Amino acid sequence: METKRPLLRSCKLQILRLLVLTISLVVVIVLIIISHLITKGILVNEAVVYNNSNESGPVLRTLSIAHKTEVVQVNGSNEEEEGCKGYGCNHGPQTEMKQNDSGQSGQTVAVAIKPTRLSYMVSVLESTVAAKNNKRDRDLKHARMKIENGTMLGSTEGLHASLYHNLSQFLRDLLIKNNKLLTARERELKHARMKIENGPMLGSTEGLHASLYHNLSQFLRSYKVMEKTLKVYIYKEGKKPIFHDPKLSGIYASEGWFMKLMEKNKNFVVKDPTKAHLFYLPFSSLKLRNTTSHERMPTSRKDLERRLKDYASLIAGKHPFWNRTNGADHFLVACHDWAMKLTNDHMGNCIRSLCNSNLARGFKIGKDATLPATNIRSAENPVQDLGGNPPSKRPLFAFFAGGMHGNLRPILLQTWQGKEPDIKVFGPMVRNNKSKAKYRMYMKSSKYCICARGHEVYSPRIVESIYYECVPVIISDNYVLPFFDVLNWEAFSVFVLEKDVVNLGRILRAIPDKKYIEMQKRVKMVQQHFIWHKMPVKFDLFHMILHSVWNNRVFV
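Draft legend 1. Examining unusual backbone geometry more closely. That bond from lysine 240 to proline 241 is cis: its omega, 5°, falls within 30 degrees of zero. Along the polypeptide, proline 241 turns up in the loop between β7 (232–234) and α5 (253–264). Although it is not a glycine, aspartate 385 adopts a positive phi angle of roughly 65°. With respect to the helices, strands and loops of the structure, aspartate 385 is situated in the loop between β11 (369–370) and β12 (396–401). The backbone of phenylalanine 483 sits at a positive phi, close to 55°, despite the residue not being glycine. Inspection of the secondary structure puts phenylalanine 483 in the loop between β15 (471–475) and β16 (494–495).

Draft legend 2. Seen up close, the state of the cysteines. Tallied over the entire structure, the rule returns two disulfides. Shown here is the disulfide that connects cysteine 335 with cysteine 355, its sulfur atoms set 2.0 Å apart. Between cysteine 335 and cysteine 355, the S-S dihedral sits near -95°, and the bridge is therefore left-handed. In this pair, cysteine 335 sits in the loop between β9 (330–334) and α9 (339–344) while cysteine 355 sits in the loop between β10 (351–354) and β11, placing the two residues 20 residues apart along the sequence. An identical accessibility class is assigned to cysteine 335 and cysteine 355; each is buried.

Draft legend 3. Just the packing of α5 against helix α15 (residues 541–555), in detail. It is the contact of α5 with α15, at a shortest axis distance of 10 Å, that shows an interaxial angle of 85°. Considered as vectors, α5 and α15 are oriented roughly perpendicular to each other. Seen from α5, the contacting residues are Phe258, Leu261 and Met262; seen from α15, they are Phe542, Ile545 and Leu546.

Draft legend 4. Summary view of the environment of asparagine 389. The residue asparagine 389 is located in the loop between β11 and β12 in this model. A residue is classified by how much of its surface remains accessible, and asparagine 389, at 27% relative accessible area, is partly exposed. With 58 residues separating them in the primary sequence, asparagine 389 and lysine 447 have C-alpha atoms 9.5 Å apart. If we ignore the near neighbours within four places in the chain, the residues touching asparagine 389 are Arg394, Lys444, Ser445 and Gln520. A distance of 3.4 Å separates the side chain of asparagine 389 from the backbone oxygen of lysine 393, its partner in a polar contact.

Draft legend 5. Expanded view of α5. Its twelve residues place the ends of α5 17 Å apart at the C-alpha level, agreeing with the 16 Å of an ideal helix rising 1.5 Å per residue. Here α5 lies mainly inside the structure; nine of its twelve residues are buried. Of all the residues in α5, the buried ones are Ala253, Ser254, Glu255, Gly256, Trp257, Phe258, Met259, Leu261 and Met262.

Draft legend 6. Spatial organisation of empty space enclosed by the protein. Summed over the entire model, instances satisfying the criterion amount to four cavities of 30 Å³ or more. By volume, the largest cavity is sized at about 140 Å³. Elements with a contribution of two residues or more to the lining of the largest cavity: β11 and α15. Classifying every residue of the lining of the largest cavity by side-chain character gives nine nonpolar, five polar and two charged. Considering the residues around the second largest cavity, the lining is formed by Asn375, Ile376, Arg377, Ser378, Asn381, Pro382, Val383, Gln384, Glu464, Tyr467 and Tyr468. Within the lining of the second largest cavity, the residues separate by chemical class into five nonpolar, four polar and two charged.

Draft legend 7. Examining the sheet that holds strand β8 (residues 278–280) more closely. Across the sheet, five strands lie side by side as β7-β8-β9-β10-β11; this open sheet has parallel pairing. The sheet is open, and its two edges are formed by β7 and β11, each paired on a single side. Across the sheet, α15 is in contact with β8, β9, β10 and β11; its angle to β10 comes to roughly 150°.

Draft legend 8. How the structure looks around the packing of helix α4 (residues 216–229) against α15. Viewed as axis vectors pointing N to C, α4 and α15 meet at an angle of 90°, and their least axial separation amounts to 10 Å. Our classification of the angle between α4 and α15 gives roughly perpendicular. Packed against α4, whose contacting residues are Phe219, Ser222, Tyr223, Val225, Met226 and Thr229, the element α15 presents His543, Met544, Leu546, His547, Trp550 and Asn551 at the interface. Residues belonging to the contact of α4 with α15 are distributed by class as follows: seven nonpolar, five polar and no charged.

Cut-off values and rules
- Residues numbered from 1 in each chain as written.
- Predicted model: local features only at pLDDT ≥ 70, side-chain atom pairs only at ≥ 80, totals over all residues.
- Heavy atoms only, no water.
- Helix = DSSP H or I, 4+ residues; strand = E, 2+ residues; numbered from the N terminus.
- Disulfide = S-S within 2.5 Å.
- Buried < 20%, exposed > 50% of the residue type's maximum accessible area, 1.4 Å probe, protein only.
- Axes fitted to C-alpha atoms, helices over the stretch in contact; angles between N-to-C directions.
- Parallel < 35°, antiparallel > 145°, perpendicular 65-115°, else oblique.
- Contact = heavy atoms within 4.5 Å.
- Polar contact = N/O pair within 3.5 Å; in protein donor to acceptor, adjacent residues only side chain to side chain.
- Expected span 1.5 Å × (residues − 1).
- 1 Å grid on protein atoms, 1.4 Å probe; cavity = no way out; pocket = protein on both sides within 12 Å on 5 of 7 lines; lining within 4 Å.
- Points joined across faces, edges and corners; volume = space filled by probe spheres on them.
- Nonpolar A, V, L, I, M, F, W, Y, C, P; charged D, E, K, R; others polar.
- Pairing = 2+ DSSP bridges.

Everything listed is a geometric property; what it means functionally is a separate question.
Rendered as C-alpha cells:
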C-alpha cells in the first residue's frame, strides 16, 4: 500500500505536466491564428455607414481595423500603400455641433454623427486646417524674430560692403519691407477668414436651397468675401500650345474652359503681382501630354515632368513670388489622368485643382481641390442638350455604357448586362453621332445613372448625370468629390462601394420613391454649379472652381 502511494503521486504529477503542456500548446496555436488574422485584416468591427435605402435606421457593414497596410487595385495590379487612407477605414468617432433642443440661442451640444464618405473627408479637412494654422503661426513668429533680432546675414546679394555704412542693416530693412508686403496679403486673408467664420447669418440665400449645402450661410459669406477680396496674378511666361492655349471640347475640357475664362477675367485678375493672393500657372496638362508626344516617341513621364520643372525654374528665376512660399500660394488646374503624378515633385506644394482626385494616390484634402470632369461636345454651346425628362417619364431604372477600363466595370457588365429589363448596362458604344444621341437619350430617360470608375477614380458621367437630371450612382471608393466641403452630395446622389456592385439592383430598389423624387429635384437645383458659360455667371462652374482654390488658400 505504501509503495503504491508514491507511484500514484508520480502519475498525477506526470498527468498535470502533460495537461499544462497541452494547454500551453493550445494557447500558442490560438495566438498564432489570431496574429495571422490580424495580419490579413480579417478581424473586423461593425460600423455605421451611409444609408441609401431610407431615412430611418442605419445600414451596417464591416470595416477592417486591424491591418497596418491595405492592398489597392489600380490599373490591374496590386500596389501596397502605407496605412489605411480611404473612406473604408476606422477613423474613430466623429461629432458635430447641433443646436440645443431647447432652442436657446447660442447653445450647442456635441452629437455623434454617422461616419460617411463626406463626413470622413470633412474630418480630414478640419484636421488639415488646424495643423496648417498652427504651423503658419509658428513660421510667422520665427520669421519676425529673425528679422527683428538683427542677425548678420550670410548672403550679401552681390553687394559690396565698402559701399554701405552697414550692409547687413540695409539688407534687413529690405527684408522687413518685403515681409510687410507679404503680410499685407496675409492680413487680408486673415481678415477674410474671420469674416467667413464669424460673420452674421445672411438673410438672403440668393435663391439657393439649403438642403444642397453643409452650411449655406457660411458658403455665401465665403463667396461674397471672395468676390470683394480675391486677386489673382497670371504668369505671362510659357509658349503655346502647352501654355495659354485652352482646348474647350472633349472629356478634359474643364482645364481649358477655366484657363480661357480666367485669362479674360477682369474682376479677379491683377497686373501687379504684389497685390495678388494667388498666382495661376496657365498650362494644359492635356496639351503637355499630346504636344510632347508628337515631338518624339516614345514620351516618358520624366520628359513631361522635366518640362514642368523647367517652367517652374523659369518663373522662379524671373519673379520672387515662387521662392517666397515655394509655390504654396500658386495654383494649377489640370484634368489629364497623369496630372497628379506629373506635378507631385516640382509643383506638389501648389494648390492643385485635379480631375483625378484619388485619395489613395497622393491627393491631399485641404491643399488640393477636385476639378469636375466635363465632357463638352461643342465649344460654341457648352450647355447643349441640357436637361432631361421628369421622373414620371423615365421608364428605365438604371443605365451605364462605357469602355471596360479597370477592374470594376467588367464586373458591372458581367453581373448586370441583360439581367433586368429596366437596368441597361452596356460596354462601349459605337463612336458616331447616332450612338452618342442614343447615349444621351438613355441618361435622360433613366432614374439612376451609374458612374463607375475606370482605370482612374473620376468619370465625366457624374457631371453628365447632373446635366441630364439623372440621379448619379457613384461607385469609386477613393474619389474625392468636387466641392465636397460645400455641397452635401448625399442629398442628390447615391454612393455604392465597389465591392457591393453585385448588389447594385437591390441597393437602388431599396430607395423609396419619395426619396428618389427629392434627390432628382435636388439634381436639377445643383445643376447651376456645374455649367460652363461663355460669360461667367454667379455660382457657375468657373466660380465654384475658383472658390474651391480660394477656400484652400484662406483656410490652409
